[in-house]
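Structural characterization, general
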Amino acid sequence: MAARSRLPLPLAAAAARGRLPLPLAAAAARGGLPLPLAARANNVRRLSCGRAALCSATATATYPPLLPSRTAKSKAAKRRREEEFYQRVHDSPAPADKLQLLTKLQRLKYVVSPQTTAIGADRWYQHFTKTAFVPGLPASLPAPLPAAQLAELRSLVSEAVLQEQFYLKRRPPFLYREREQTALPLIGNLVSLLVGSLTDRNPLLGLATLDREPQVSFYWSRGERTVPRGHRKRKVDPIRFQIEDKPWCQIRVPRQLTEFMPLENSIPEDVPVIHMEPSRLPLFQRQYDNNIFIGSKVADPACYGHTQFHFASEKLRREKLVKDKLADQIEVRLRAAGMASLFAWTGAQAAYQGFWSEADVVCPFVSQAVITDGIYFSFFCYQLNTLALTVRADQHNLRKNICWGTESMRLYESIEGEDIKGFNDEVLDLLVRFLLNRPESVETKIS
Amino acid sequence: MGLWCCETATLRLCPLPLEDMDSYPLYQYGNPQLRIFRTNFFMTLVRPGTEQPEDTVQFRIPMEMTKPDVKNYLQDIYSVPVAAVRTRIQYCTNKKRNHKNQKVKRPDYKVAYVQLAEGQTFKFPNIFPEKDQTTESGSLEEIQNKFLEEDKQKQKADPRRGGVTEWFGL
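Predicted model only: the values in this text are computed from it and were never measured. (Residues numbered from 1 in each chain as written. Chains lettered and ligands numbered in written order. Predicted model: local features only at pLDDT ≥ 70, side-chain atom pairs only at ≥ 80, totals over all residues. Heavy atoms only, no water.)

**Comments concerning the overall build of chain A**
Across its full length, chain A carries 13 helices and 14 strands. Residues classed as buried in chain A amount to 47% of the 447 residues present. Counting contacts in chain A only where the partners sit at least 6 residues apart, residues at least 24 apart contribute 77% of the total. Carbon and sulfur atoms make up 55% of the accessible area of chain A, which totals about 23600 Å². (Helix = DSSP H or I, 4+ residues; strand = E, 2+ residues; numbered from the N terminus. Buried < 20%, exposed > 50% of the residue type's maximum accessible area, 1.4 Å probe, protein only. Contact = heavy atoms within 4.5 Å. Areas by Shrake-Rupley, 256 points an atom, 1.4 Å probe, with all protein chains shown as cover.)

**Quick word on the sheet that holds strand β2 (residues 56-61) of chain B**
All names here are of chain B. The strand order β1-β2-β4-β3 describes an open sheet built from four strands, whose pairing is antiparallel. Of all the strands in the sheet, the pair left with one neighbour each is β1 (44-46) and β3 (82-90). Here the average twist between neighbouring strands, direction ignored, is 30 degrees. Of the pairings in the sheet, the one linking β2 to strand β4 (residues 109-116) comprises six bridges and is antiparallel in character. Pairing of T56 across the sheet is with Q115, part of β4. In the packing of helix α1 (residues 67-78) onto the sheet, the strands contacted are β2, β3 and β4, and the crossing angle to β3 comes to about 130 degrees. (Pairing = 2+ DSSP bridges. Axes fitted to C-alpha atoms, helices over the stretch in contact; angles between N-to-C directions.)

**A look at the packing of helix α8 (residues 147-167) of chain A against helix α13 (residues 425-436) of chain A**
When two helices pack together, their arrangement is given by the angle between the helix axes and by the axis-to-axis distance. All names here are of chain A. At a minimum axis separation of 11 Å, α8 and α13 run at an interaxial angle of 105 degrees. Considering the angle they form, α8 stands roughly perpendicular to α13. Within the contact between the two elements, α8 uses L150, L153, R154 and V157 and α13 uses D425, L428, D429 and V432. Classifying every residue of the contact of α8 with α13 gives five nonpolar, no polar and three charged. (Parallel < 35°, antiparallel > 145°, perpendicular 65-115°, else oblique. Nonpolar A, V, L, I, M, F, W, Y, C, P; charged D, E, K, R; others polar.)

**Observations concerning the packing of helix α9 (residues 178-198) of chain A against α13 of chain A**
Residues and elements named next belong to chain A. At their nearest, the axes of α9 and α13 sit 10 Å apart, and the two run at 60 degrees to each other. With respect to α13, the axis of α9 lies oblique. The crossing of α9 and α13 is right-handed. Listed contacts from α13 to L194, V195 and L198 of α9 are L428, L431, V432, L435 and L436. The residue inventory of the contact of α9 with α13, partitioned by class, reads eight nonpolar, no polar and no charged. (Left-handed = near helix turned anticlockwise from the far one by under 90°.)

**Let's talk about the environment of E159 of chain A**
Residues and elements named next belong to chain A. Here E159 is to be found in helix α8. Owing to a relative accessible area of 45%, E159 belongs among the partly exposed residues under this scheme. For the pair E159 and L190, spaced 31 residues apart in sequence, the C-alpha to C-alpha distance is 9.8 Å.

**Focus on the pairing of strand β2 (residues 131-135) of chain A**
Residue and element names in this part refer to chain A. Counting buried positions along β2 gives four out of five residues, so the element sits mostly inside the fold. Note that β2 and strand β11 (residues 401-405) share five bridges and pair parallel. Bridge pairing in β11 places F133 opposite C403.

**A closer look at the nonpolar core**
Counting residues in each nonpolar core, the largest one holds 110 residues, and the members touching the most others are F218, F309 and F379 of chain A. With 14 residues, the single largest contributor to this core is helix α12 (residues 329-352) of chain A. Dropping the residues within four chain positions of it, F309 of chain A is found in contact with I187, V191, P247, W248, C249, I251, V370, L431 and L435 of chain A. Grouped together as the second largest cluster of nonpolar side chains are 18 residues, V57, V82, L116 and F122 of chain B included. (Core = buried A, V, L, I, M, F, W, Y, C linked by side-chain atoms within 4.5 Å.)

**A few points about the confidence of the model for chain B**
Residue and element names in this part refer to chain B. Looking at chain B as a whole, its pLDDT mean stands at 86, while 86% of the residues score no less than 70. Every residue in residues 1-18 scores below 50 in pLDDT, and together they form 38 contacts with partners more than four places removed in sequence or on other chains. Interface predicted TM-score (ipTM) for the complex: 0.80; the corresponding pTM is 0.82. (pLDDT = per-residue confidence, 0-100.)

**Some remarks on the pattern of salt bridges**
On inspection of all chains with the given rule, the structure shows 26 salt bridges over all chains. For the salt bridge of D300 of chain A with R252 of chain A, the shortest nitrogen-to-oxygen distance reads 3.1 Å. One end of the pair, D300 of chain A, is in the loop between β7 (285-286) and β8 (304-311); the other, R252 of chain A, is in strand β6 (residues 249-253), and 48 residues separate them in sequence. Looking at D300 of chain A, the relative accessible area reads 24%, which means it is partly exposed. Classification of R252 of chain A by relative accessible area gives buried; the value is 3%. With a shortest N-O distance of 3.1 Å, D158 of chain B and R160 of chain B are connected by a salt bridge. By relative accessible area, which is 31% here, D158 of chain B ends up partly exposed. One salt-bridge network, in which partners are shared between bridges, spans E178, R179, E314, R317, E319 and D373 of chain A. (Salt bridge = Lys/Arg side-chain N within 4 Å of Asp/Glu carboxyl O.)

Have a look at this one:
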């Protein structure tokens, strides 16, 4: 028989939950309520006071989960708001919704332009994008064409070059934009010619889309910064970046290219780390719409990138750099341009598939780029292994993005009348190999 | 690097004042290149207030000087290879007032950030290093220090009193 001071079990449970009305609760606390009255007062079923009841009463949680506030001015509240935001992004079904949530809030961000006049820009860009640079090209590019086919393509390319340099009569060029006049049509013609000739060898090119002057943009965060002065002093902010790029033309395909290197492999090259603010580069901040765009909208089936062709603008003009005694900066600027453009393109492709900094890419995204000023060609291959560049996501992230690149090579030595002297087959060979790149799943028709 | 510097060093190349810097001879097409052999400009190398990259040197320059002027100055006079120059003008306050309550303007100045070429680096030296406290035995400084310490000891209260003042007691 239970002592008077001890409450019967259901009442004790009810009292613990706080569900008893006050007077009854008080009475129950005093231990003076007889059992039938208590049961009737609280509509509690009379449970058997055995071991089963004891287990069931203590097994279920009796309190709701203790969460920090959502609106308080505290670190815990801020963490909770961030977690809820990340959960909302994780839960949104379509990549377009995720993009909209991630790029909704406008804040000051550093606008990174791929072609820049900054000194030593390649190391800084490597730090911003967590990229390791490997000189040379990856071994897994397609095999070169036999010499006979290459000779045919060579004659086509020579015709294209002579068309711009010799056959066409042109007006005097705009000041400081002379190179554009011949190079831009040349790139366009070369791409169309080569893509047309190589479609039988690479059926993927038949399914590809060729964009002219597409807009490519990407928005990401990397690193953190403590606000030094003002009403937000001592607050910690992420450092945001935006790339807006306009390649002269690009090829987009509906199938993803195979990776150049497996995701788990590590390479000896390091990512340089710079402990200074990006404004020292110099880089400037602006606040406007955060854009993530590969050249077409999310619904387009050709959502993977193949090759971009860039024109090396006046900022990268070789003669000017040599005259200013900055000859070593030529390759630096080309590398920076290649890395930034390709990181933006592959990052945007990954974002279109629903990956973001807290949901890292599952398989690498791969793209290629050619930067040229009409005579000198540089080739770049980029593999995006990770999008987790924010401080929170990067804590235990050992992956790094890889960029392979060549030095700039001349396509020809000189043009005398109708002859091209010193045509460099290596450049044509690399162009062809770039365009022949395809995933293994695509069947090849051998002509 | 052969650039001598100190916090407020100035280099005056010509003691005679030239014509005023506002009136350069006006250039017309066909004129020969203007050459100045003894310039009236002088630059001050300063310690950067915020952290700068290793290849960046910070100068205070006259307002009338431009980026090409800075580049030519350093390259021609000091043979310092310059990759890039960026300038800004620092506005200084006009809010301070003197004892007559008149507003006193602190003069504005122009700052140039010079990036060195050919991979050169520059770190502003420590001009006021900490002096070692160790003095040679028998020197005047040591005797003086000893005397000062003994004097301080005499001024201190008796440690056996445990911090209690002399007001109490006999």
